[in-house]
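# Examination of the molecular architecture
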Amino acid sequence: MASTKRIPMIAGNWKMHLTSREAADLAAAIKKGLDPDLKHEVLLAPGFTCLHAVKAALAGSKVFLSSQDVAWEEKGAFTGAVSPSQLIDAGCTAAIIGHSERRKIFLETDEIINKKLKAAIKAGLVPVLCIGETLEERESQKTYRVLETQLVGAFAGISAAEAAKTVIAYEPVWAIGTGKTATPDQAQDAHVFVRKQMERIYGKDYAEAVRILYGGSVKADNVDELMSQPDIDGALVGGESLKADKFLRVIHFQPVLSR
Ligand code: PEP
């Protein structure tokens, strides 16, 4: 069911790439190439050290600034962590939470992700919550179970009103940084499942309004087909967001079917 209520969002995750100068240059090139009449939302998530420089480069544009992670505590002895209010101070309005690289490399559990989601919501940041199955889980028919567990765990103890601004990113782990993209049908199928789970958790109105992005090797040459799927409301883009011309093409996607 296509919804005109859901404003598409294209997000760029720059991971642990770029110096401040490089990130500011890339942000400036993206800002310069944006259609001034663009109706959907664009979000950039540079590394922590680049936030100030990117914020300055984006001045005067409608592009949102996001972090790639957030601490669940506000202050204290948490060496290496960055709190929600520190992110807001740096100009962020959003925070990516639960990226598969955080789950896998930094051993973040659903419990930790739940605490981060609560902290981001409390501070007024828009959480971009990432979920997704590994190849092994997909091949052993566990995709739905994994997605359900991740969603139930992430939203535990959070009301529908509190979760209202949260954006969900479905990112099959096997498609991240691998060049293997889920087919539009595979992605659509997973998004329908995620939306059904959100209906079960928070009801129909919430499920119809929540934006679900697809992430996993989204490129200039596959975004149009993906964005033609009725339940794909945007994209979370890694590698392709590091090249201004390619990312601008992703941002200005042209659905091949009417949404
Ligand atoms: C990501 O970083 O979330 C991602 C989807 O990366 P890539 O587009 O490179 O697969």
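This is a predicted model, so every value here is computed, not measured.

### Observations concerning the packing of aromatic side chains
By the definition in use, this model includes four aromatic pairs. Measuring from centroid to centroid gives 5.7 Å for F155 and Y202, while their planes differ by 85°, and the two rings are edge-to-face. In this pair, F155 sits in the loop between α7 (143–154) and β6 (167–170) while Y202 sits in helix α8 (residues 184–202), placing the two residues 47 residues apart along the sequence. Judged by its relative accessible area of 15%, Y202 is buried. Pairing Y170 with Y214 gives two aromatic rings, centres 6.3 Å apart and planes at 50°, and the pair type is tilted. Pair noted here: Y170 is in strand β6 and Y214 is in strand β7 (residues 212–215), with a separation of 44 residues, a long-range link. Overall, Y214 belongs to the buried group, its relative accessible area being 1%. Taken together, F155, Y202 and Y206 form an aromatic cluster joined through their ring pairs. In this structure, R102 is placed above the aromatic ring of F106, and the distance from its NZ or CZ to the ring centre is 4.0 Å.

### Description of the pairing of strand β1 (residues 9–13)
Burial of β1 is extensive: five of the five residues sit out of reach of the surface. Neither face of β1 is left uncovered, since the one carrying M9, A11 and N13 and the one carrying I10 and G12 both have all their residues buried. Summarising the sheet, β1 and strand β2 (residues 41–45) pair through five bridges and their orientation is parallel. Among the inter-strand pairings, M9 is bridged to a residue of β2, identified as E41. With helix α1 (residues 20–33) bridging β1 and its parallel neighbour β2, the resulting β-α-β unit is right-handed.

### Side note on the side chain of S241
Counting through the fold element by element, S241 comes out in the loop between β8 (234–237) and α11 (244–251). Given the relative accessible area of 0%, S241 is considered buried. Polar side-chain contacts of S241 include one of 3.1 Å to the backbone oxygen of V237. With residues near it in sequence (within four places) discarded, S241 still touches G12, N13, W14, L26, I30 and F247.

How each quantity is defined
Residues numbered from 1 in each chain as written. Predicted model: local features only at pLDDT ≥ 70, side-chain atom pairs only at ≥ 80, totals over all residues. Heavy atoms only, no water. Phe/Tyr/Trp six-rings, centres within 6.5 Å; stacked < 30°, edge-to-face > 60°. Helix = DSSP H or I, 4+ residues; strand = E, 2+ residues; numbered from the N terminus. Buried < 20%, exposed > 50% of the residue type's maximum accessible area, 1.4 Å probe, protein only. Lys NZ or Arg CZ within 6 Å of the ring centre and 35° of its normal. Pairing = 2+ DSSP bridges. Right-handed = clockwise from strand over helix to strand, strands pointing away. Polar contact = N/O pair within 3.5 Å; in protein donor to acceptor, adjacent residues only side chain to side chain. Contact = heavy atoms within 4.5 Å.

Function cannot be inferred from these measures alone, as they are strictly geometric.
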